[in-house]
Amino acid sequence: MTRAHTIKAVRAYTVTGGGADYHDQSSGHWIDDHIATPMSVYPQYAQSRQSFGINVLGTLMVEIEADDGTIGFAVSTGGELGAWIVEKHLARFLEGAAVTDIERIWDQMYKSTLFYGRRGIVLNTISAVDLALYDLLGRLRQEPVYALLGGPVRDELTFYATGARPDKAKELGFIGGKLPLHYGPADGEEGMLKNLELLADMRSTVGENFWLMYDCWMSLDLDYATRLAHRASEYGLKWIEEALIPDDYWGYQKLKQAVPKDVLVTTGEHEATRWGFRQLLEMNAADIIQPDVGWCGGITELIKISALADAHGAMVVPHGSSVYSYHFVITRTNSPFAEFLMMHPTAEEVVPMFSPMLLNEPVPHNGKLKLPDTPGFGVEFNPEVERQRPFMH
Ligand SMILES: C[C@H](O)[C@H](O)CC(=O)C(=O)O
Ligand SMILES: [Mg+2]
């Protein structure tokens, strides 16, 4: 980049059907098959998360064009609401600014939306803009984002897999398998036994040394989570993830004290910003924090969250987010491995996480991935995927 490029235009699009809103899958997919959630206490919403609206947002795609016509882009969960926020509110902080004004732009996006933001959809949207800016900067400098972040600290990424088939994940070379929890407090002792049976079955198939984890998607209370962790530790449970609702920092603090020493407490995929994670870290409420770079405030904020975690001796293993987390994880010593979310309908094969939305989306082979040195995040938006621009400024 020989001179400071400026931003000519910002555009926001919506896309449906998988992609960044990875819960937006066709029926029969493992990701929507009786997974325990906070809504499971209402029987009519226990079978399907789509029934209570887990996929209402859809994907938000943000495109940022520089004065020379170079375009950077990123996708996150946000759909029409996110597109409105970008077009009607955030674009003003970008257009005409230098592409390198990333820190100032983040600060203005965050402070100007405080009266209706702070987390959730607004932070998803700020994240998508921030990721698109990093993609643009990488393309202009002809460097991968991981180089902009200080360069890799290891040669390749190592992955665990999230999905219904940890046994297949082991065959595919992953270091561990994270199962969705199917039953919560509303299903009583019978549900607890079914949860443990599945874990026991998987343990007998994968053997002793393969990691097995439970993803509880905010569905439990402290008492149930504590009992589950103790009983599951008999089957070598490595961690219990997102057991409680994200606002219950006090519950996480107690849970961390109550679980057996060999079971880690992890959480954070629905947490956002340095302040949210500061709360978890200062309360010593998690062993591993799991920010989603598409939801927590983007790369600009993840850098701060990660530094804070490092100072507290906590690991950062970002939630999902495909290339957007991979470029970060490879640059941080306190992010020793990454998550791969299995988007194959029965979790038996490796398919790109944001499929079919991105072209050149890298996937692990034998549980490992050497990131290419393609500029930006190294992916293109698939022109065959239909996108809409619902608002314009
Ligand atoms: C499987 C989980 O319920 C959720 O869909 C994904 C998740 O929380 C994770 O990958 O972590
Ligand atoms: Mg999770």
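By convention here, each chain's residues receive numbers from 1 onward along its written sequence. Working convention: letters from A go to chains and numbers from 1 go to ligands, in the order in which they are written. Two thresholds apply to this predicted model, a pLDDT of at least 70 for residue-level local features and 80 or more for giving and counting side-chain atom pairs, whereas whole-chain, interface and lining totals are computed over all residues. For the side-chain quantities, the full set of heavy atoms in the structure was used; hydrogens and water were omitted.

Caption draft 1: Layout of the domain arrangement of the chain. Per the annotation, domain bounds derive from an automatic or database assignment of domains. In terms of domain boundaries, the chain breaks down into domain 1 (7-21 + 57-143 + 383-388) and domain 2 (148-374). Placing the centre of domain 1 and that of domain 2 at their C-alpha centroids yields a distance of 26 Å. Contact criterion: two residues are considered in contact whenever any of their non-hydrogen atoms come within 4.5 Å of each other. Contact residues are listed per partner, giving 29 residues for domain 1 and 29 residues for domain 2. Summed over both partners, the accessible area lost on bringing two parts together, with a 1.4 Å probe, is the buried area. Carbon and sulfur atoms make up 64% of the surface buried where domain 1 meets domain 2, a total of about 2200 Å² over both sides. Any Lys or Arg side-chain nitrogen located within 4 Å of an Asp or Glu carboxyl oxygen qualifies as a salt bridge. Applying the counting criterion to the domain 1 and domain 2 interface returns three salt bridges. Between E103 and K304 there is a salt bridge whose closest N-O contact spans 2.3 Å. Polar contact is defined as a pair of N or O atoms within 3.5 Å, subject to the rule that within protein one atom must be able to donate a hydrogen and the other to accept it, and that residues adjacent in sequence are counted only when both atoms are side-chain atoms. Where domain 1 touches domain 2, the interface holds 11 residue pairs in polar contact (both at pLDDT 80 or more). Secondary structure elements with two or more residues in the side of domain 1 that touches domain 2: β3 (71-77), α2 (102-112) and α3 (120-141). Here a strand is any run of E in DSSP of at least two residues, a helix any run of H or I of at least four, and the numbering for each starts at the N terminus. A total of nine residues in the side of domain 1 that touches domain 2 trace back to one element, the largest contributor, which is α3. Throughout this entry, Asp, Glu, Lys and Arg are counted as charged residues, while Ala, Val, Leu, Ile, Met, Phe, Trp, Tyr, Cys and Pro are counted as nonpolar. The remaining residues, Gly among them, count as polar. Grouping the constituent residues of the side of domain 1 that touches domain 2 by class yields 14 nonpolar, nine polar and six charged.

Caption draft 2: Layout of the coordination of the magnesium ion (ligand 2). Within the protein, the magnesium ion (ligand 2) binds to D215 (OD), E241 (OE) and E269 (OE); these donor distances fall in the range 2.0 to 2.1 Å. The donor set covers N, O and S atoms within 2.8 Å of the metal, switching to 3.2 Å for Na, K and Ca, and it leaves out water, so a site may look short of donors. Going along the chain, you hit the donors of the magnesium ion (ligand 2) in the pattern D-x25-E-x27-E. Of this pair, D215 sits in strand β6 (residues 211-215) while E269 is found in the loop between β8 (264-267) and α9 (273-282), placing the two residues 54 residues apart along the sequence. In this pair, the class of D215 matches that of E269, namely buried. Any residue under 20% of the maximum accessible area for its type is buried, any over 50% is exposed, and the rest in between are partly exposed; the area is computed with a 1.4 Å probe on protein chains only.

Caption draft 3: Quick look at the nonpolar core. Nonpolar core, defined: a set of buried Ala, Val, Leu, Ile, Met, Phe, Trp, Tyr and Cys residues in which side-chain atoms within 4.5 Å join the residues together. Counting 120 residues, the largest nonpolar core has I64, I240 and Y324 as the members making the most contacts within it. The biggest single contributor to this core is α3, with 12 residues. Two domains each donate at least three residues to this core, and these are domain 1 (7-21 + 57-143 + 383-388) and domain 2 (148-374). Beyond its immediate stretch of four places on either side in the chain, I64 contacts I7, A9, V10, T70, I71, G72, L94, V129, A132, L133 and L136. Membership of the second largest hydrophobic core comes to six residues, among which are Y160, W239, V317 and F337.

Caption draft 4: Region of interest: the site of ligand 1. Here a residue is near a molecule or strand as soon as one of its heavy atoms is found within 4 Å of it. By nearness alone, 15 residues border ligand 1, and H23, K178, D215, E241 and E339 come closest of all. D215 is positioned with one of its side-chain polar atoms (N or O) 2.8 Å from an oxygen atom of ligand 1. Measuring from an oxygen atom of ligand 1, one finds a side-chain N or O atom of E339 at 2.5 Å. Contact with the protein chains hides 100% of the accessible area of ligand 1, taken as 310 Å² for the molecule alone. Each accessible area value is a Shrake-Rupley result obtained with a 1.4 Å probe; residue values ignore everything except the protein chains displayed when judging cover.

Caption draft 5: Representation of the environment of L302 within the structure. Considering the arrangement of structural elements, one finds L302 in helix α10 (residues 298-311). A sequence separation of 28 residues divides L302 from R274, and the C-alpha atoms of the two residues are 7.8 Å apart. If sequence neighbours within four positions are ignored, L302 has contacts with P291, V293, C296, V316 and F328.

Caption draft 6: Structural context of the pattern of salt bridges. Tallied over the entire structure, the rule returns 24 salt bridges. Among the salt bridges present, the one from D287 reaches K256, with a minimum N-O distance of 3.1 Å. One end of the pair, D287, is in the loop between α9 and β9 (288-289); the other, K256, is in helix α8 (residues 249-258), with 31 residues separating them in the sequence. Among the charged side chains, a salt-bridge network with shared partners connects K8, R11, E63, E65 and R387.

Caption draft 7: Molecular detail of the packing of aromatic side chains. Pairing of aromatic rings covers Phe, Tyr and Trp, the last counted by its six-membered ring, and requires centre-to-centre distances within 6.5 Å; plane angles under 30 degrees mean stacked, over 60 mean edge-to-face, and any other angle means tilted. Per the counting criterion, the structure on display carries 17 aromatic pairs. Where W106 meets Y110, the ring centres are 5.1 Å apart and the plane angle is 20°; that geometry is what we call stacked. Remark: Y110 and W106 occur in helix α2; sequence separation between them is four residues, near one turn of the helix. Classification of W106 by relative accessible area gives buried; the value is 1%. Here the aromatic rings of F159 and Y326 are separated by 5.1 Å at their centres, their planes lie at 80°, and the arrangement is edge-to-face. In this pair, F159 is assigned in strand β4 (residues 157-162) and Y326 in helix α11 (residues 322-329), connecting sequence segments 167 residues apart. On the basis of relative accessibility, which here comes to 0%, the residue F159 falls in the buried class. The ring of W217 has R49 sitting right over it, with the charged end atom 4.9 Å from the ring centre. By the criterion adopted, a ring carries a charge over it if an Arg CZ or a Lys NZ lies within 6 Å of its centre and within 35 degrees of its normal.

Caption draft 8: Expanded view of α8. Turning to α8, its buried residues are Y249, G251, Y252 and L255. The buried residues of α8 occupy one face: seen down the axis, they fall within an arc of 155°. In this structure, the buried residues of α8 make contact with α7 (222-233), β8 and α9. In this description, one arc is meant: the one made by directions from the helix axis to the C-beta atoms.

Caption draft 9: Examining the pairing of β4 more closely. Of all six residues making up β4, six are buried, and the element is well covered by its neighbours. Summarising the sheet, β4 and strand β13 (residues 368-369) pair through two bridges and their orientation is antiparallel. Within the sheet, the bridge partner assigned to T158 lies in β13 and is K368. At least two bridges found by DSSP between two strands are what make those strands a pair. Pairing between β4 and strand β11 (residues 338-341): four bridges, direction parallel. Residue pairing for β11: A161 is matched across the bridge by F340. Of the strand pairs in this sheet, β4 and strand β5 (residues 176-180) are connected by two bridges, and their pairing is parallel. In the strand pairing of β5, A161 is matched with G177. Note that the unit made of β4, helix α5 (residues 166-171) and β5 has a crossover that is right-handed. Seen with its strands pointing away from the viewer, a crossover is right-handed when the path leading from the first strand over the helix to the second is clockwise.

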